[in-house]
Each structure stands twice: as structure tokens, then as C-alpha cells.
Amino acid sequence: MKLRTPFALGWIGVAAGFTALGCDFVFSYRSITAPLGTSGEVGIRVQKTHANCTLPNPYDYGLSTAGVQILGETPWKEVGPGVIEKWVLLSLAEVGDGYLKVFKTCTKEGYEEGVLPIKVTAPTSDGAWAQAKAGTYPVSPPEGYTVAALSGTGTVKDGVLSVGGMSIPLPTVPPTLAGGSVPLQVYYVIRDGRPFPLLLVGDGLFWRYDPLLAAQG
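Residues numbered from 1 in each chain as written. Predicted model: local features only at pLDDT ≥ 70, side-chain atom pairs only at ≥ 80, totals over all residues. Heavy atoms only, no water.

Focus: the nonpolar core
Grouped together as the largest cluster of nonpolar side chains are 49 residues, with contacts concentrated most on Val-42, Tyr-61, Leu-100, Leu-116, Ile-118, Val-186 and Leu-200. Examining the composition of this core, we find that six residues originate from one element, strand β14 (residues 182–191), more than from any other. (Core = buried A, V, L, I, M, F, W, Y, C linked by side-chain atoms within 4.5 Å. Buried < 20%, exposed > 50% of the residue type's maximum accessible area, 1.4 Å probe, protein only. Helix = DSSP H or I, 4+ residues; strand = E, 2+ residues; numbered from the N terminus.)

Below you can see the structure in the form of C-alpha cells.
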């Protein structure tokens, strides 16, 4: 994934299956195919086609994902008449077919969405997933914390991961871990006397929590 493809070169409109859209949704890629553990920025633009937008908040657009995580995002910004834009930092988190979706509901056109297809392929031997699988934390360590690691068969119940004799509350649970036991490599820190997860690595899985640690301070 390249970072911030220039508008003139890379921005692609996405028809969301409507014949008369109230909004045109545009991404900086037509689609993305990249290995597990890859991260990069994706731009989203919304062109409002109605002169009088009925959204109570002009930036009331939602985002949802499958197979990827949003690690960070900019606020919506007006970049032209009736055109708003934001950038999101994506991490490709689970092998398979996924997406980044932008959507809204208004009184004029109802529900509308634009979808960016994302295919997460098997990890490469020299990428972040392989590095983490081999026992090295693959991103910058959080300032002021010591990164620890453990491995074993992990199970999740009520949002708590049990692995290697330790219980770790998870801010979000990857779909891969729902309803089964999975071999995992887990990176974590001790925060306020309790373990806080940074990264879960497994077969087809690269699930990050480190941005949440930074956001919570």
C-alpha cells in the first residue's frame, strides 16, 4: 500500500448501487490487495450532490470495516464546495476478503454507502507478521512501557483472553477468536498493575491494540 496517492492520479469514485445518489463516495484506491500485517493510509472523499443537505451534522458519516482495523483517522475536512475528506490509517488484520465502508442515512435519499474492497493475502516472510511470529515486537514500543510476550492456545470468554496462564481483557475481540481455541503469540504491557494487550498474532491474524494504549495515556 502506498501512502496518500495524489488525487489527480489515484482517486476512484465508487458507485454504491444507487442510480441517483445524494452523495458520491470516492476512495484513493479502486481496491486493495496486500499481505497480512500491512498498514497504510487511505483517503475518503464525499461529494454532496444536493444543494441543501438534510444531515443534522454535515460530517455525520459512519465508517465500518471487515478484515482490517482503523488505527487512526483525521477529522472530516471541507476541501471544496460540497466536498469533504478524511484519511484513515488501516492495518490489514485478518486473511480473507474485507472492506472499508463509508455510509450515511438522510431524509432525502435514505441509506447510502460506498465500499472499498480489500483482500488480505497470506503474510510475507519478511513482513510485520513474520517478525512478530518469530518473537520480535514489530512496531515502535510504547514510550514508558516494557513490552512482554507470551504464547499458547488462547480462548476468549466475555471479552477476556486466557492464554499461557494469564487473563487479558481485550478492548475488541477479533472474529478469528470467536467461539474457539487458537494458537497465539501475544504482546502486552503492564498498565496500572494489569496486562494491556498490544498485538495478537496467529494463523491469519494480526490484531493491534497499541493505538488504544496511546489514546488512553
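From this point, things continue past the structure.
Observations regarding the packing of aromatic side chains
Tallying each qualifying case throughout the model produces four aromatic pairs. Summarising the aromatic geometry, the rings of Tyr-137 and Tyr-187 are spaced 5.6 Å apart at their centres and angled 45° between planes, so their arrangement reads as tilted. With Tyr-137 in the loop between α2 (128–133) and β11 (148–157) and Tyr-187 in strand β14, this pair connects stretches of sequence that are 50 residues apart. Considered together, Tyr-137 and Tyr-187 belong to a single accessibility category, that of buried residues. (Phe/Tyr/Trp six-rings, centres within 6.5 Å; stacked < 30°, edge-to-face > 60°.)

A few points about the environment of Cys-23
Along the chain, Cys-23 falls in strand β2 (residues 23–27). With 23 residues separating them in the primary sequence, Cys-23 and Val-46 have C-alpha atoms 6.4 Å apart. What Cys-23 contacts, discounting residues up to four positions off in sequence, is Val-46, Gln-47, Lys-48, Thr-49, Tyr-61, Lys-104 and Glu-112. (Contact = heavy atoms within 4.5 Å.)

Focus: the pairing of strand β15 (residues 194–202)
Of all nine residues in β15, eight are buried, a share of seventy percent or more. Of the strand pairs in this sheet, β14 and β15 are connected by seven bridges, and their pairing is antiparallel. Directly across from Arg-191, in β15, lies its bridge partner Arg-194. Taking the residues that link successive antiparallel strands as the turn, the β14-β15 hairpin has two residues, and the phi of Asp-192 there is positive, at about 55°. Bridging between β15 and strand β16 (residues 205–208) involves four bridges; their strand directions are antiparallel. Of the residues in β16, the one forming a bridge with Leu-199 is Arg-208. Where β15 folds back on β16, the antiparallel hairpin that results is connected by two residues, among which Gly-204 adopts a positive phi of roughly 75°. (Pairing = 2+ DSSP bridges.)

In short, shape yes, function no, at least from these values alone.
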